[in-house]
Amino acid sequence: MKKKYLEGLALKIAYQIFGEVVKIFDYPHSYERMEEMKEYADSIVETRGYNEREQELIKENLKRIFQEYKTECSYHDICYR
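Below, the structure is looked at part by part. Given the structure is predicted, the values throughout are model-derived calculations rather than measurements.

### Focus: the nonpolar core
Item 1. With 21 residues, the main nonpolar core has Ile17, Phe18, Val21, Met37, Ile58 and Leu62 as its most contacted residues.
Item 2. Elements supplying a minimum of two residues to this core: helix 1 (3–24), helix 2 (31–47) and helix 3 (52–80).
Item 3. The dominant element in this core, judged by the number of residues it contributes, is helix 1, at eight residues.
Item 4. For Val21, the residues in contact, after removing those within four places along its chain, are Met37, Tyr40, Ala41 and Ile44.

### What to know about the pattern of salt bridges
Item 1. Under the counting rule described, the total for this entry stands at five salt bridges.
Item 2. In this structure, the salt-bridge partner of Glu20 is Arg48, at a minimum N-O distance of 2.7 Å. In this pair, Glu20 is assigned in helix 1 and Arg48 in the loop between helix 2 and helix 3, connecting sequence segments 28 residues apart.
Item 3. When its relative accessible area of 41% is taken as the criterion, Arg48 is described as partly exposed.
Item 4. As a salt-bridge pair, Asp42 and Lys38 come within 3.1 Å of each other at their nearest N and O atoms. Here the residue Asp42 and the residue Lys38 both occupy positions in helix 2, the gap between them amounting to four residues, near one helical turn.

What counts and how
- Residues numbered from 1 in each chain as written.
- Predicted model: local features only at pLDDT ≥ 70, side-chain atom pairs only at ≥ 80, totals over all residues.
- Heavy atoms only, no water.
- Core = buried A, V, L, I, M, F, W, Y, C linked by side-chain atoms within 4.5 Å.
- Buried < 20%, exposed > 50% of the residue type's maximum accessible area, 1.4 Å probe, protein only.
- Helix = DSSP H or I, 4+ residues; strand = E, 2+ residues; numbered from the N terminus.
- Contact = heavy atoms within 4.5 Å.
- Salt bridge = Lys/Arg side-chain N within 4 Å of Asp/Glu carboxyl O.

This is how it looks when you write it as structure tokens:
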């Protein structure tokens, strides 16, 4: 598959996995729980049968998504707690 199509699909899959994991962990704000979420999300990617190239792209996108989530949570904690 062409890389430009694969990147879009990997991003979509990463958002789906992130949504599942955040619901399972009940939207945590602690750094430790976020790290557990990241590890769990990576294990989901590895067990769902994606090939190595797809796994790499999905994990890169998940890394960015989790970083944005951490930033958003820290901003929320500063403003509202």
